[in-house]
Every structure is written in structure tokens, then in C-alpha cells.
Amino acid sequence: MTILSCISCFKGFNRNVVITGVVSFFMDVSSEMVYPLVPLFLANVLSADKSVIGLIEGIAEATASLLKVFSGWLSDRIGSRKWLMAFGYGLATLSRPLIATAQSWHGVLGSRFTDRLGKGIRTAPRDAILAESTDAAHLGRAFGLHRGMDTLGAVFGPLLAFSILAYFHENYRLVFWLSMIPGLVAVLLIVFFIKEVRKREAAAVMPRLTWAHFSRRFFFFMFIAAIFAFGNSSDAFLILKAQQTGISTAMIPIVYMTFNFIYAISSFPAGMLADNFGKKRVILIGFVLFAAIYAGFAMAESISMIWLLFAAYGVFMGFTEGIQKAYLATVIPADFKATAFGLYNMVIGLAVLPASIVGGWLWEHISPAATFYFGAVTAILAALMFIVFLYVEKEKNV
């Protein structure tokens, strides 16, 4: 879905849907001004080891994934969405001074932890506001509009960071300070323009978070997804590889912006392909494509190859992000979809932490290429396991 087509859909949407999209745009501008620069700031300014970079990113992403389960549960429990959403966006914005003033990697860890803490708190209430503010017939358009606005922010954020770095001679800290501005705009939009939607009173008793309601198919697929995630270390290592190959610091945000742009324009065609060609086939293609891309990063020695690989990585993200969840929805009971997605995020989040730690250790103690070869091997392993999974599933349906 293009941004123009998203904008043409504004008419007829509840105000909450439009404002939530704009909020995500501004917050992603803020986040993506910072994220591509974090590994460079750690390595070039604070002289942090690559294993430390992996640890920081692993803790940050695992924090967000783990909290999504409990934030959604709490939002349902207290019957409120808006203020949890505002609190989450506010925490992320307040994380910027921590990194802007950091004198060691500990300050960066505090900033990234706080940022991802905010993301974990806000995501489920935000999605609930979108769902409760939209007619059932328009849910696809509403979430598509939100995704489009979010990804547009991911394009503008690195572009702004590039402009500031180029003009102010690689002043990382200034970029971090200025990234607070779009974050504050996002919080103010929530406070003054989002309207709380309460379709039911807060639940007196909430269901337990349990595995008991799910089938073996669900567990097997979750295990495969976790194996794949274990080799999918932080994108920080892709950024470090780009710099190591010779791409200048000022150009790194542009490389990352290009990745996000391709990711954005490939997502909707990928969804159509999954619907027509089969979700399981697209997931399998995604595993193999990831393995090829990571092997390419391991061997890349030219700047042109890095640009090509980042473009391919954008295609991979577009062709896999969301497809796994779409398939997951077909193997879980209808009454426990929210719980299942929360548990899925938790499992993937738990895999992200060791993935980034292992990736950093391999980079530091063996070679940068080892980090990417490890990811490629785990992706192939996940692909082989998924083929077995599909064969067993087919046999049972015969």
C-alpha cells in the first residue's frame, strides 16, 4: 500500500484511527533518527565492544516483546487504552536525554531499555484503540493505514539524521536531543486528540496466561520461529558491517532509510502474494531469502554490495513481517488469539536476547563474517524444520 493510497482512505475513518497513524509517524521519525546511529555511537564515540552492542540490543528488544503480553492484559483489566498508550510513548521520548548525555555504554543501555519499555507498554493498547474505533468491515484499511504511516516515519527519520550529521559534522548527541521533538509531538497528539473508547467495563477477573488451549501445531511452529529468531541478531550488526565496508557515517542513515522504503513498498504486494500463493510457501521463501542475504553480508567487501544487500533485506522484511502472524492465526483457537499473539511475541523476544549476545560474541572473538554465517545456518535449519512441519501437516490431512 502506497502512502498516497493510505491518505486517500482518511475520509470515513474515526478520528482516533487517523490520529493514531499520525502519532506513529512522529514517533517513528523520532525512533529512526536514533536507532541507526546507536551502534556507531557505541563503537566510535564510547569505544564499546561488539559483544556489548549485542547485549544492549538484545535486552532492549526482549524487553519490548515481553511487556506486550502484560500491557494488553493490564489494559483490558483496567478498561483504559489512551493513558497507557500515552505513558508508553512518553517513556520512549524521555529515553532520548539518557543517550544524548551518555558517557559510557551503561547510559546507552538505560536509554534503549527505557525506549523499548515504552514500546512494550504502548503497542497493545494502541492496537486496541484502532480496533475499537473501527467498523469490522474497515479493520484491514485501518491497520494498513497505520502501518503505512509508521513506515513513512521510518523513512523520514534516517533522512533527518543524515541531514543533521552532514551539516553538524557527525554530532551524534545533537541528533539524539533533536529526536525528542517529534516524540513530544506524538505524546501531545495522544493527550489532546485521542478519545478513550470503552465498549465494556474493566474485567473483574482476567483469564490466566496459559499454554493449555493450544495445539501441537502451534507449539511446533512457535519452536521453528524461535530457532529462526535465534540467528536473527540485531540490525545493529548490519549497520556496523556497512561502516566496516567503507560507507561513511553520514551515509548510514540513508542506507537504513533505503531499507525502510523498500520494506514499505514491498509489504502490501507480499500480503497479496501470501493470500494467493500460500502463507506457508511465503514463510519458507522468507527463511531461504534471509539465509542468502546473511551469507551475502558475511562475504560482502564492496560498498555497492552492501547497498544491494540492504535493499534485499528490505524485500525480506516486506515479504515476512506479518506473514508469520497471519499463518499463526490459522493454527490457534478463535477465543485465544490475543493471548497467542502475546505469547508469540514473548517467545520471539526471549530468542532475540541470546541472538544478539551470540552475534556480538562471534563478531568480537571470531570474525564479523561469523555473525552472519551463524544467522544463515539457523535460517536454513528453520527452513528444513518447516519443510518437515509442512510434510507432517499434509500427512495428517490426507
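Okay, so let's go over this structure. (Residues numbered from 1 in each chain as written. Predicted model: local features only at pLDDT ≥ 70, side-chain atom pairs only at ≥ 80, totals over all residues. Heavy atoms only, no water.)

Side note on the packing of helix H3 (residues 38-45) against helix H12 (residues 236-245)
Axis separation between H3 and H12 bottoms out at 8 Å; the angle between their running directions is 55°. Our classification of the angle between H3 and H12 gives oblique. When you trace H3 past H12, the crossing you get is right-handed. Across the interface between the two elements, Pro39, Leu40, Ala43 and Asn44 from H3 touch Ala236, Ile239, Leu240 and Gln243 from H12. In terms of residue class, the contact of H3 with H12 is made up of 6 nonpolar, 2 polar and no charged. (Axes fitted to C-alpha atoms, helices over the stretch in contact; angles between N-to-C directions. Helix = DSSP H or I, 4+ residues; strand = E, 2+ residues; numbered from the N terminus. Parallel < 35°, antiparallel > 145°, perpendicular 65-115°, else oblique. Left-handed = near helix turned anticlockwise from the far one by under 90°. Contact = heavy atoms within 4.5 Å. Nonpolar A, V, L, I, M, F, W, Y, C, P; charged D, E, K, R; others polar.)

A word on the nonpolar core
The biggest cluster of nonpolar side chains holds 87 residues, and the ones touching the most others in it are Val108, Phe310 and Tyr313. Beyond its immediate sequence surroundings of up to four residues, Phe310 is in contact with Leu238, Ile239, Ala242, Val255, Tyr256, Phe259 and Phe297. If you look at the next biggest cluster of nonpolar residues, it comprises 13 residues, including Tyr89, Ala92, Val187 and Leu189. (Core = buried A, V, L, I, M, F, W, Y, C linked by side-chain atoms within 4.5 Å. Buried < 20%, exposed > 50% of the residue type's maximum accessible area, 1.4 Å probe, protein only.)

Describing helix H5 (residues 82-94)
With 13 residues, H5 should cover 18 Å at 1.5 Å per step; its first-to-last C-alpha distance of 18 Å lies within 8% of that length. A large share of H5 lies buried, amounting to 10 of its 13 residues. Three or more residues of H5 are buried, namely Lys82, Leu84, Met85, Ala86, Gly88, Tyr89, Gly90, Leu91, Ala92 and Thr93. (Expected span 1.5 Å × (residues − 1).)

Focus: unusual backbone geometry
Of note in the backbone geometry, Ser47 takes a positive phi value of approximately 55° without being a glycine. Following the sequence through the fold, Ser47 ends up in the loop between H3 and helix H4 (50-78). Residue classification places Ser47 among the exposed residues on the basis of a relative accessible area of 58%.

A closer look at H12
Within H12, 8 of the 10 residues are buried, leaving the element largely enclosed by the surrounding structure. Among all positions of H12, only Ala236, Phe237, Leu238, Ile239, Leu240, Lys241, Ala242 and Thr245 are buried. Looking one or two residues past H12, Gly246 carries a phi angle of roughly 125°, positive in sign.

Considering the pattern of salt bridges
Counted under the stated rule, the structure contains 3 salt bridges. Where Asp115 meets Arg112, a salt bridge forms, and the shortest distance between an N and an O atom there is 3.4 Å. Pair noted here: Asp115 and Arg112 are both in helix H7 (residues 105-132), with a separation of 3 residues, about one helical turn. By relative accessible area, which is 3% here, Asp115 ends up buried. Since its relative accessible area comes to 5%, Arg112 is described here as buried. Taking the shortest distance from any N to any O, the salt bridge between Arg116 and Asp115 comes out at 2.8 Å. No difference in accessibility class separates Arg116 from Asp115, as the two residues are buried. (Salt bridge = Lys/Arg side-chain N within 4 Å of Asp/Glu carboxyl O.)

Details of the packing of aromatic side chains
Tallied over the full model, the rule gives 28 aromatic pairs. Ring geometry for Phe25 against Phe26: centres 5.3 Å apart, planes inclined by 75°, an arrangement best described as edge-to-face. We classify Phe25 as buried; its relative accessible area is 16%. Overall, the relative accessible area of 26% leaves Phe26 in the partly exposed class. Measuring from centroid to centroid gives 4.8 Å for Phe228 and Phe287, while their planes differ by 40°, and the two rings are tilted. Remark: Phe287 occurs in helix H14 (residues 279-299) and Phe228 occurs in helix H11 (residues 216-231); sequence separation between them is 59 residues. For the pair formed by Phe228 and Phe287, the shared burial category is buried. In this structure, Arg122 is placed above the aromatic ring of Tyr89, and the distance from its NZ or CZ to the ring centre is 4.5 Å. (Phe/Tyr/Trp six-rings, centres within 6.5 Å; stacked < 30°, edge-to-face > 60°. Lys NZ or Arg CZ within 6 Å of the ring centre and 35° of its normal.)

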